[in-house]
Amino acid sequence: MSTFDNPFDPNRRLGACSCGQHDSEASHAASLRLQCDIPETEEKRYEGVIASAVMRQIFPQQATRRAFLQSVGASSALAALSQFFPIKTATEVFAQGAGNLEKTDLKVGFIPITCATPIIMADPLGFYKKQGLNVEVVKTAGWAVIRDKTINKEYDASHMLAPMPIAISLGLGSQPIPFTVPAIENINGQGITLAMKHKDKRDPKDWKGFKLAIPFDYSMHNYLLRYYLAEHGIDPDTDVQLRSVPPPEMVANLRADNIDGFLAPDNICQRAIYDGVGFMHILSKEIWDGHPCCSFAASKEFITNSPNSFAALTRAIVDATAYASKAENRKSIAEAIAPAAYLNAPPVVLEQVLTGTYADGLGGIKQDPKRVDFDPFPWQSFAVWMMTQMKRWGQIKGDVDYKGVAEQIYLATDTGKVMKEMGLTPPTTAYKSFAVMGKTFDPTKPEEYVASFKIKKAS
């Protein structure tokens, strides 16, 4: 039973897995997605956490718990528990447990793409205010600007491409500054879009000479596009031109015939389709289903100087991500993030991204509810995979301490604790294997993985 579930619902299962929603831990592991409802008030949310913990201890067996609840009812059950356990007092103590906030007025930068949905929606939907924070989310022109403003402390934290904190910490493209990733913003949610004139060139082997845009050198977009091209025999460094273009400028460049296509966030892809200048070649999940894209990032200096504010900010992001993971919330989220201050996009475009029912630009309507999804857990195996691609394409030279770097930057342990405090069930490990275009990645053997590719930059 997830701690966010109603602890007095007799139909909830106390299953054999750690969250109580699956028949076995294997079933649980195969479905590590957030399944929590957001209660109406913060007080109710904390009360549910406390009551759920008490119910787990008193009634560890599902049948006994169900019989008790069916015989007395939810209200009587809460009253009965309160007779011998001070739920109201415990709720107040739990709610105050975060400590005093060092800063309540914070600035968080973002790029106007759907990958930033949790960071953006946390403003209009009140997730920051729930944590006692007054956060100004600042729309920013491009990734280099995001990086520079965060490094210069104009932003307290920011939306970053998942590989960026690794690159910043290692000093790739800038002076090394320790950064961290407490949360992944989204998984999947990208696509390869081509200009309409290429609708008959669906085989990447025919793309030699193409000019293709990516948002930034240190991006999953760069690594996924390179991977996809190389698997089809195209060398991304010699057979095509890859150009870094800020996402808000990609559709205009496609329309002006400056590029032949791009791998970009789905709202950019969908805008090109909406404007009639491009079509969806493939979704990024067809390359790697479950891949990370963007992250919520902060410097270690901010964490050290403002630990309680950082914790509150992380709770707000995790909370918003949990809300965004529920399919029934996606349309209202699209409305909330559509205004000019945020994504400045027609709600119908954002709905097609967030709900997974979308036009493909070739006259078809497709459905994929997992086109984009939201799961905050910062898997350290994600970071290891990114570094293998940095090594593969010459961004990192020499030996790499894959495990050490991943564990310094991707804060799986800390985020796991926050998730548990909030009633969520984090994974029990920070490493997992996965497949990219059918090729299995083992995070314990990164160098063997790099060596296995035929097409890579010569060392």
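Going by the structure above, here's the rest.
Residues numbered from 1 in each chain as written. Predicted model: local features only at pLDDT ≥ 70, side-chain atom pairs only at ≥ 80, totals over all residues. Heavy atoms only, no water.

**Q** Any details on the packing of aromatic side chains? Residues and values, ideally.
**A** In this description, an aromatic ring pair is defined by two values, namely the gap between the centres and the angle between the planes. Taken as a whole and judged by the stated rule, the model has 15 aromatic pairs. Centre to centre, the rings of Phe302 and Phe310 are 6.4 Å apart; their planes meet at 85 degrees, and the pair counts as edge-to-face. For Phe302, a relative accessible area of 8% corresponds to the buried category. With relative accessibility at 9%, the residue Phe310 sits in the buried group. The interplanar angle of 70 degrees and the centroid separation of 4.8 Å between the aromatic rings of Phe441 and Tyr449 together place this pair among those described as edge-to-face. By relative accessible area, which is 0% here, Phe441 ends up buried. (Phe/Tyr/Trp six-rings, centres within 6.5 Å; stacked < 30°, edge-to-face > 60°. Buried < 20%, exposed > 50% of the residue type's maximum accessible area, 1.4 Å probe, protein only.)

**Q** Describe the side chain of Asn222, naming the residues involved and giving the relevant values.
**A** Relative to the helices and strands, Asn222 resides in helix α10 (residues 220-231). In terms of polar contacts, Asn222 uses its side chain to reach the backbone carbonyl oxygen of Asp217, at 2.7 Å. (Helix = DSSP H or I, 4+ residues; strand = E, 2+ residues; numbered from the N terminus. Polar contact = N/O pair within 3.5 Å; in protein donor to acceptor, adjacent residues only side chain to side chain.)

**Q** Explain the sheet that holds strand β2 (residues 134-139) to me, using residue names and the numbers behind them.
**A** Judged by pairing direction, the sheet is mixed, and its five strands sit side by side in the order β2-β1-β3-β11-β4 without closing on themselves. Both edges of this open sheet fall to β2 and β4 (179-184), since each of them pairs with a single strand only. Neighbour-to-neighbour, the strand axes of the sheet open up by a mean angle of 30 degrees, direction not taken into account. In this sheet, β2 lies alongside strand β1 (residues 105-110) in parallel orientation, the contact comprising six bridges. In the sheet register, Asp105 faces β2, and the bridge partner there is Asn134. (Pairing = 2+ DSSP bridges. Axes fitted to C-alpha atoms, helices over the stretch in contact; angles between N-to-C directions.)

**Q** Can you tell me about the packing of helix α11 (residues 247-255) against helix α12 (residues 266-274), naming the residues and giving the values?
**A** Each pair of packed helices can be described by the angle between their axes along with the distance between the axes. At a closest axis distance of 9 Å, the pairing of α11 and α12 adopts a crossing angle of 30 degrees. The angle between the axes of α11 and α12 places the two elements in the roughly parallel class. Taken as a pair, α11 and α12 cross one another with a handedness that is right-handed. The residues of α12 that touch α11, namely those facing Pro247, Pro248, Met250, Val251 and Leu254, are Ile268, Arg271 and Ala272. (Parallel < 35°, antiparallel > 145°, perpendicular 65-115°, else oblique. Left-handed = near helix turned anticlockwise from the far one by under 90°. Contact = heavy atoms within 4.5 Å.)

**Q** Explain unusual backbone geometry to me, using residue names and the numbers behind them.
**A** Phi angles above zero are rare outside glycine, and Lys153 is one such case at about 70 degrees. Here Lys153 lies in the loop between α8 (143-151) and β3 (157-161).

**Q** Which residues make up the packing of α12 against helix α16 (residues 347-355), and what are the values?
**A** The geometry of α12 relative to α16 is characterised by a closest axis approach of 9 Å and an angle of 125 degrees between their N-to-C directions. Accordingly, the angle class assigned to the pair α12 and α16 is oblique. Of the two elements, α12 crosses α16, and the hand of that crossing is right-handed. Between α12 and α16, the contacting residues are Asp266, Asn267, Gln270, Arg271 and Tyr274 on the first element and Val348, Val349, Leu350, Gln352 and Val353 on the second. Per-class residue counts for the contact of α12 with α16 are five nonpolar, three polar and two charged. (Nonpolar A, V, L, I, M, F, W, Y, C, P; charged D, E, K, R; others polar.)

**Q** Any details on the sheet that holds strand β10 (residues 278-283)? Residues and values, ideally.
**A** As summarised here, the arrangement of the five strands in space is β8-β7-β9-β6-β10, forming an open sheet in which the pairing is mixed. Where the open sheet ends on each side, the last strands, each with one partner, are β8 (241-244) and β10. Across the sheet, the mean angle from the axis of one strand to that of its neighbour is 30 degrees, orientation sign disregarded. Two strands pair when backbone bridges link them, and strand β7 (residues 211-214) and β8 are joined in this way by four bridges, in the parallel orientation.

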